[in-house]
Amino acid sequence: MLQVFPDLKGRYGDFGGKYVPETLMGPLQELEEALDQAMADPAFLEEYHHVLKEYAGRPTSLSYADKLTGHLGGAKIYLKREDLNHTGAHKLNNAIGQALLAKRMGKEKIIAETGAGQHGVASATVAAKFGLQCIVFMGEEDIRRQELNVFRMKLLGAEVVSVSSGNGTLKDATNEAIRYWVANCEDHFYLIGSVVGPHPYPRMVRDFQRIIGDESKRQFLEVEKELPDRIFACVGGGSNAMGIFYPFLGDTSELIGVEAAGKGMDTPEHAATLSKGTPGVIHGSMTYLMQDENGQITEPYSISAGLDYPGIGPEHAHLFQTKQVRYEAITDKEALDALKLLTQMEGIIPAIESAHALAQAFKEAPQMSQNETILINLSGRGDKDMATLMEHFQEEV
Amino acid sequence: MLTKTSFQGKLTKTEDLFIPFIVAGDPSPELTIQFALRLQEEGADVLELGVPYSDPLADGPTIQRAAQRALKSGMSLRKAIELVPKLREHGLEIPVVIFTYYNPVLQIGHEEFFQLLGENGVEGLLIPDLPFEESEEIRNRSEEKGIEFISLVAPNSDQRIKQIAEHAKGFLYCVSSLGVTGERKEMSAEALAFIEKVRQYSQVPVAVGFGISTNDHVQLVRNHADGVIIGSKIIRLIEAEIENIEKGRMDEALKHFTKEIRALVQ
Ligand SMILES: Cc1ncc(COP(=O)(O)O)c(C=O)c1O
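Residues numbered from 1 in each chain as written. Chains lettered and ligands numbered in written order. Predicted model: local features only at pLDDT ≥ 70, side-chain atom pairs only at ≥ 80, totals over all residues. Heavy atoms only, no water.

### Notes on the overall build of chain A
Argument step 1. Helix and strand counts for chain A come out as 16 helices and 14 strands.
Argument step 2. Projecting the C-alpha coordinates of chain A onto the three principal axes gives extents of approximately 55 × 45 × 45 Å.
Argument step 3. In chain A, buried positions account for 64% of the 397 residues.
Argument step 4. Sequence-distant contacts, at least 24 apart, represent 73% of the contacts inside chain A between residues at least 6 apart. (Helix = DSSP H or I, 4+ residues; strand = E, 2+ residues; numbered from the N terminus. Buried < 20%, exposed > 50% of the residue type's maximum accessible area, 1.4 Å probe, protein only. Contact = heavy atoms within 4.5 Å.)

Set out below in structure tokens:
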């Protein structure tokens, strides 16, 4: 029997928990109680699945990448198409779940943090859809990098707050969102974008993202009659990866999480939290993180704003420690090459985040046999990355 | 009924406590010593010595800025603890509470951390992101070493108040309002009612902090609690002297700081 995580203290083995100021203990307790009730209420789950179907457009397809499979000459490659989800990434699955919960709790205002802007857009979208007020915290550096998404959020009616503390990236936006929540927790719901933060957030986000894995399993069994040999997903905070991995834990499929190696693992400019980080506390959770010898959190780097985070969800830390998932890291350049290959072979432009998962899978596929199978979580589409892609590929196209 | 609070026998008063908070290394370790001594002269009963952290979740912009200045001056948890005997050499007698976020403690490791606290004569410890449920081991180790582990209660602690208050050591830190540290304009009537409630359960002095920034606040808190904790306001007073300090007008800076503190707490 597989042990059920998290335990009652919100722990996944050595990781997780609630390392937060006393002022947040009350709101987290309130959230946990409301979440437990909602998840046990068939009417709530029915509404969540209904919105996923008729608003988000789920289930998303499972596509067989035939040309690419032939080109690489090894394992058969399938793509789980989260890029086809409304707003262009898996982030919406979680935003819908949490927004429905916020409404159920009678909270009319939501707060969100965002890096690439995908979670901010997903939050602004559900706020518009369900009639909630939305404030999105975003680092000033990310605001500059992701201009288009900032405009999308504003058009959707959200207020975007520029965060200048630290380096002005996702870590700092998350700090500021938590600080704002501490002061305004009575009538605000904090809608976290990944499987990070204090308990019960990592569990809640996983449970709202497991739809990816549940669908994939069903779809894969339909076409292949057996489970995939390997499943790949990129890991920033780790929500798309937990979403696809979770229903496969304990099965025969090998699970591979792909972190951002940025400019290289032998440089300080990367975001490979598990490969290079050490255990500690970040954003209320015991997990792996990037830090210096004095325990000061350091700034990560990745070309993809969505992977540019110095921590990782506590359940990933546990799966890493217990070797249930293998974690690899892919550089900016490898990701861009994989992005271009998929684009030109299959006519799908992936998000740069997702391209990290693709790159690792493309490395392994040729070494596998033709009757083996690979499933890749294509967590989002590349529209938001056009400015970055133009910088890199302008001369080649 | 208040038991005599201890801090290794160094604090015998149980009321009218003045507990200032400053950040070690803001703007330099040497000046931290000078400011601490002035605070003692102005009647401080316990010194909360903050350790700068890159990601201070419970702190507002003022203390964030202080942390940034202190990190630039090279401060760390280890150096902050080692600053305590230097404070003593210069004449600081009041007990010192090390205020640090949990992650730097983890990097030193519990065992070595407590050894450092012991060797350097630290009397108290406060870790703002280690709530009651996560703090058992640290509480036990603190008790073994005779170090007071300071607990916090907040206006929304509700049913948790009793449990936290009953385990409180040294003094109980009563967070006067929701939100991060920083100055506030007013103290609400609810805050006063909350303080009364906490006092029913506490065996140690109840000290109120977060947002105390005027002499009026101080007087009000004095009438309702056993102590007043002042952080952001003092840090802003230090910040206001930075120009003087940079221009080498040290005496003027310290004199002006002392005058402002006196006006705040008299
Ligand atoms: C398309 C896409 N994939 C992946 C991520 C990384 O987040 P996570 O690791 O939580 O899935 C993001 C984050 O913004 C994203 O936009």
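### So, the site of the ligand
Residues and elements named next belong to chain A.
Argument step 1. Taken together, 18 residues lie near the ligand, and S194, G236, G238, S239 and S379 sit nearest.
Argument step 2. Measuring from an oxygen atom of the ligand, one finds a backbone N or O atom of G237 at 3.3 Å.
Argument step 3. Note that an oxygen atom of the ligand is positioned 2.7 Å from one of the side-chain N or O atoms of N240.
Argument step 4. In isolation the ligand has 390 Å² of accessible area, and contact with the protein removes 97% of it.
Argument step 5. Shared between two domains, the shell around the ligand holds at least three residues of each, these being domain 1 (17-52 + 90-205) and domain 2 (58-88 + 210-393). (Near = heavy atom within 4 Å. Polar contact = N/O pair within 3.5 Å; in protein donor to acceptor, adjacent residues only side chain to side chain. Areas by Shrake-Rupley, 256 points an atom, 1.4 Å probe, with all protein chains shown as cover. Domains from an automatic or database assignment.)

### Concerning the pairing of strand β14 (residues 373-378) of chain A
Residues and elements named next belong to chain A.
Argument step 1. Where burial is concerned, most of β14 is hidden: six out of the six residues are buried.
Argument step 2. Summarising the sheet, strand β4 (residues 76-81) and β14 pair through six bridges and their orientation is parallel. Of the residues in β14, the one forming a bridge with K80 is N377. (Pairing = 2+ DSSP bridges.)

### Quick notes on the sheet that holds strand β6 (residues 133-139) of chain A
All names here are of chain A.
Argument step 1. Pairing is parallel across the open sheet formed by four strands, whose spatial order is β7-β6-β5-β8. Among the strands making up the open sheet, the edge pair consists of β7 (159-163) and β8 (188-190). If you compare each strand with its neighbour and ignore which way they point, the axes differ by 25° on average.
Argument step 2. Across six bridges, strand β5 (residues 109-114) lies against β6 in parallel orientation. Bridged to T114 within β6 is M138.
Argument step 3. Against the sheet, helix α8 (residues 170-184) touches β5, β6, β7 and β8, its axis set at about 160° to β5. (Axes fitted to C-alpha atoms, helices over the stretch in contact; angles between N-to-C directions.)

### Examining the sheet that holds strand β2 (residues 47-50) of chain B
Residue and element names in this part refer to chain B.
Argument step 1. Read from one edge of the open sheet, nine strands run β5-β4-β3-β2-β1-β9-β8-β7-β6, paired in parallel fashion. Bordering the open sheet on either side are β5 (148-149) and β6 (151-153), each of which pairs with just one other strand.
Argument step 2. Pairing of strand β3 (residues 96-99) with strand β4 (residues 124-126) involves three bridges; the strand directions are parallel. When the sheet's bridge partners are listed, V97 is paired in β4 with G124.
Argument step 3. Helix α3 (residues 77-89) contacts β2 and β3 of the sheet and is inclined by roughly 165° relative to β3.

### Digging into unusual backbone geometry
Argument step 1. The omega torsion of the bond from A:H199 to A:P200 falls at 10°, within 30 degrees of zero and hence cis.
Argument step 2. The omega torsion of the bond from B:D26 to B:P27 falls at 0°, within 30 degrees of zero and hence cis.
Argument step 3. As for its position among the elements, B:P27 is in the loop between β1 (17-23) and α1 (29-41).
Argument step 4. Even without glycine at this site, B:Q8 takes up a positive phi of about 60°.
Argument step 5. Mapped onto the secondary structure, B:Q8 falls in the segment before β1.
Argument step 6. Although it is not a glycine, B:D16 adopts a positive phi angle of roughly 55°.
Argument step 7. You can see B:D16 is positioned in the segment before β1.

In short, shape yes, function no, at least from these values alone.
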